[in-house]
Amino acid sequence: MTTTPMTTTTTTTNPVLDDLLARHPRSPGAVLQALREVQARFQHVPPVAIEALATWCGVGLADIRGVVGFYHFLSDVPRGRYTVYLSDGVTDRLQGSEALRAQLCARLGVVEGETRGDGLVSVHATSCTGLCDQGPAGLVNERPLVRLTPRRIDEIAELIATEVPLDHWPPDFFTVANPVWRHEQTLSQPIAPGAALQTLVVPDLATGRMAFLDTLKASGLRGRGGAGFGTWRKWEACRLQPGPKVITCNADEGEPGTFKDRLLLMAWADEMVEGMTIAALCVGAATGFIYLRAEYAFIAPHLDEVLARRRQQGLLGPDVLGSGAAFDITLHLGAGAYVCGEETALIESIEGKRGIPRTRPPFPVERGHLSMPTVNNNVETFVQVAQIAVHGAPWFRARGTELSPGTRLLSIAGDVARPGLYEVPWGLTVDEVLADCGAVDVGAVLVGGPSGRLVPPASFGRRIAFEDLPTGGAFTVFRRDRDLLEVARRFTHFFAEESCGFCTPCRVGCVQLTALADRFAAGRGSPRDVARVHEVSDLMERLSHCGLGQTAPHPLVDVLTQFPEVLVGRLRTDDEAFDLAAATADMGANPTTEQP
Amino acid sequence: MSRTDDSRPTFVLDGETVPFSPGQTVMQAAQDAGRYIPHLCHHRDFAPRGSCKVCTVLVGGRAMTSCTLAASAGLDVTSASEALTTDRRHLVQMLFVEGNHHCPFCEKSGDCHLQAVATHVGMQDTHFEHAFPTRPVDASHPDVWLDRSRCILCELCVRASHDVDGKSVFAIGGRGAHTTLLVNSPSGLLKDSAIARDDRAISVCPTGALLPKGGAYLVAIGARRYDVADIATKPEDT
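Residues numbered from 1 in each chain as written. Chains lettered and ligands numbered in written order. Predicted model: local features only at pLDDT ≥ 70, side-chain atom pairs only at ≥ 80, totals over all residues.

### Remarks on the sheet that holds strand β6 (residues 137-138) of chain B
All names here are of chain B.
Next up, step 1: Spatial strand order, β6-β7-β10: three strands in an open sheet with antiparallel pairing. Each edge of the open sheet is held by one strand with a lone partner, namely β6 and β10 (210-212).
Next up, step 2: Two elements, β6 and strand β7 (residues 144-147), share two bridges in a ladder whose sense is antiparallel. When the bridges of β7 are listed, D138 appears paired with L146. (Pairing = 2+ DSSP bridges. Helix = DSSP H or I, 4+ residues; strand = E, 2+ residues; numbered from the N terminus.)

Here's what the structure looks like:
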């Protein structure tokens, strides 16, 4: 494919690298996993590794460099031997994360985003790490840091400065809790491994599979990732396709404010895997992947354990529970990219590529992983599939609404007395949920994360349901005195950082919106800028390639339309808004293009 | 492909019937029928990409990129409308402000698809906030020049270098606003790549991002292809 001269062997001059690469199959799908390990071992991806991986896959150096440049947690320049990412999520900010980041940088003598001269440490801001209920939070070399305080930051700085190995740090620094404040049918019904599968293979798979598809259809289960597509419809479409099939589990829980899959992955992995296996037996898939977001890498050893044990138990492998059908699952880790939660970007990432969403149609159920028909469902969907297999459709439908049957997990964070996980029946009002979590004097609730909707108090009677306020699980509460314009500005920057860059409206529109939000925040916006927000948003929502660009304008648009008071006293007239001095401030700097 | 084959199925584009062959997209069928739908990342010689969104049309009120939309019998497609022209103008303006484009003295002026489509959709100003990005120039090669300031990330060079030239000189790197064109060579520079001045990857570039060195002004600006005719009437090599 390329005429660039390259070595024909993957042997490099570095034995550690050779050993690391030798542990991966030489296929494009292994590229991202290998790159992650190279990054962890060498704190960057050195040119020799890029060369070796390009040779593996028969692609150019630029293709591998393109993958490295796409993912946040990969870098072609060395990061610190202690690489610290502090979550810059909105709830982390409400809890003072910015001051903590500055404190850590100052204590360690490091500039944010740059590696210290001796290579010891680098400190970075990163998108929400899925620990909003125990923030301010972060990561150090793939381990989670929770409940950070100024005192703890001082301790961490000392541990890093004296190069104490992470294994010797106080374990409670890394202890992730999963506070659950409300149980309904899902969280009160653990299933013994194999119990759900048993219902599928007795008396035989051919009968059990069709019976379960009927049950699934009757349950009305809709995908818990947020879009709410009927699970049965998705499976049935895939089942009717010819050829080998694939099951992917979306554990890329990237929506800021969402952390409910963290609990399921840590404590309900058996049920999740059982649901995936049921899907495989129903549609006829032999191959499965769990796509785990990089921020949850700390859960990977547990998931590998569960998969290994289930293989021993005959619940995965060449003959699942004596059914005659084969199915096995590979754990695939992301490397820092919100867009990979989009199912076609997720599939691209599993194939070892940049996470660019595909053009649809064809949908994954027709052409997914390596062009094979693929069912992709959320972690929670698979858990509930397993429970439906055991308890039946009427049991499932006993809670929830007609159009949104069952229950769902909410990740509740922000200004509440009891942040954590809540299992609620669909159809509860925002007010009811607020009462549950002990929120008072609430100014706004973000339902469904920044890609969802910001709900004002006048609408707190609205219901959490696909037919009213859908949510992929995030429920973030803001007290009345919070600056919602700043919240919207931060989320707008989040989307600009996470846009994959493929399509014009999202790639450019996100940047336009950040400039406008910054201008409002600085008190330099005008009515013309408000109109411009709506113009750009309208274009993005209609013409963007995927859901990211279509929903990226939500935070800013919702604040301007639902909370117009945020602009009172902050707008100038159109004539006054143009600041010649500010507009020409950088002209003395004479920015020149770099010549190679 | 015969345009008089009455047995082919048809769809409707702006009220007129367009025949298509199985497997064709709306864009391909429209091009075969001599109908112009504004586009930038699409080229008739290459597989569709669907990223610039300029070729967006309406089907049943829904916006779809015509370059990736499979033609099907009876489809009712709207391309010529004031609203779509406004959308296309905004998209082209977005492409202008995210790069650094200097049409009046650009070597490609008058032959540039970006400029020609901008004229076609009635662009009079850049409308949006300029990003003024600092993007590296690659002047290292004796015969070929890469100015990323003028790159609109259409990936036509990526496709052409791979599919036609058989060299895979280009790839896409970075992401979001920092998405960039990468050169496939150990140094990342054109001089160490397999590029040659006659490569299709160079000639297919719709803007002045990739240019052969020398000879840029043999035809004066003002007398070039799109200086004298609207791009809709000169659809060759688009």
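### Describing helix α2 (residues 82-98) of chain B
Next up, step 1: Between its first and last C-alpha atoms α2 of chain B spans 24 Å; for 17 residues at 1.5 Å apiece the expected length is 24 Å, and the two agree.
Next up, step 2: Buried residues of α2 of chain B: L84, D87, R88, R89, H90, L91, V92, M94, L95, F96 and E98 of chain B, and no others.
Next up, step 3: Those residues of α2 of chain B hidden inside the fold are in contact with α19 (504-521) and α20 (527-543) of chain A together with β3 (56-59) and α3 (113-120) of chain B. (Expected span 1.5 Å × (residues − 1). Buried ≥ 20, exposed ≤ 12 C-beta atoms within 10 Å, placed from the backbone. Contact = placed C-beta atoms within 7 Å.)

### Here we look at the domain arrangement of chain B
Residues and elements named next belong to chain B.
Next up, step 1: The assigned domain composition of chain B is domain 1 (10-80) and domain 2 (101-233).
Next up, step 2: A separation of 25 Å is found between the C-alpha centroids of domain 1 and domain 2.
Next up, step 3: Contacts between domain 1 and domain 2 engage 11 residues on the former and 15 residues on the latter.
Next up, step 4: In terms of residue class, the side of domain 1 that touches domain 2 is made up of eight nonpolar, two polar and one charged. (Domains from an automatic or database assignment. Nonpolar A, V, L, I, M, F, W, Y, C, P; charged D, E, K, R; others polar.)

### Some points on the sheet that holds strand β8 (residues 328-333) of chain A
All names here are of chain A.
Next up, step 1: One open sheet accounts for four strands, arranged β8-β7-β6-β9; its pairing is parallel. The outermost strands of the open sheet, each flanked by one partner alone, are β8 and β9 (374-378). Recorded for the sheet is a direction-independent mean angle of 20° between the axes of neighbouring strands. (Axes fitted to C-alpha atoms, helices over the stretch in contact; angles between N-to-C directions.)

### Thoughts on the domain arrangement of chain A
Residues and elements named next belong to chain A.
Next up, step 1: Along its sequence, chain A is carved into domain 1 (15-70), domain 2 (82-174), domain 3 (183-397), domain 4 (407-479) and domain 5 (484-576).
Next up, step 2: Measuring from the centre of the C-alpha atoms in domain 3 to the corresponding centre in domain 4 gives 26 Å.
Next up, step 3: Contact with domain 3, which involves 18 residues of that partner, is made by 22 residues of domain 4.
Next up, step 4: Of the residues belonging to the side of domain 3 that touches domain 4, the class tally is four nonpolar, eight polar and six charged.

### Overview of the interface of chain B and chain A
One frequent convention defines the size of an interface as the accessible area lost when the parts assemble.
Next up, step 1: In this complex, chain B contributes 42 residues to the contact, which on the side of chain A involves 36 residues.
Next up, step 2: Of all the elements in the fold, those that place two or more residues in the side of chain B that touches chain A are α2, β6, β8 (170-173) and β9 (180-183) of chain B.
Next up, step 3: The element contributing the most residues to the side of chain B that touches chain A is α2 of chain B, with six residues.
Next up, step 4: Looking at the side of chain B that touches chain A residue by residue, the classes come out as 19 nonpolar, 15 polar and eight charged.

### What about the environment of L61 of chain A?
Residues and elements named next belong to chain A.
Next up, step 1: Along the chain, L61 turns up in helix α4 (residues 61-70).
Next up, step 2: A count of 26 C-beta atoms within 10 Å places L61 in the buried class.
Next up, step 3: In this structure, the C-alpha to C-alpha distance between L61 and P47, residues 14 residues apart in sequence, is 8.9 Å.

### Side note on the packing of α20 of chain A against helix α22 (residues 554-562) of chain A
All names here are of chain A.
Next up, step 1: At a minimum axis separation of 10 Å, α20 and α22 run at an interaxial angle of 135°. Judged on the interaxial angle alone, α22 and α20 are oblique. The way α20 lies across α22 gives a crossing that is left-handed. Where α20 approaches α22, its residues V530, V533, H534 and S537 are matched on the opposing element by L556, V557 and L560.
Next up, step 2: Its residues assigned to classes, the contact of α20 with α22 shows five nonpolar, two polar and no charged. (Parallel < 35°, antiparallel > 145°, perpendicular 65-115°, else oblique. Left-handed = near helix turned anticlockwise from the far one by under 90°.)

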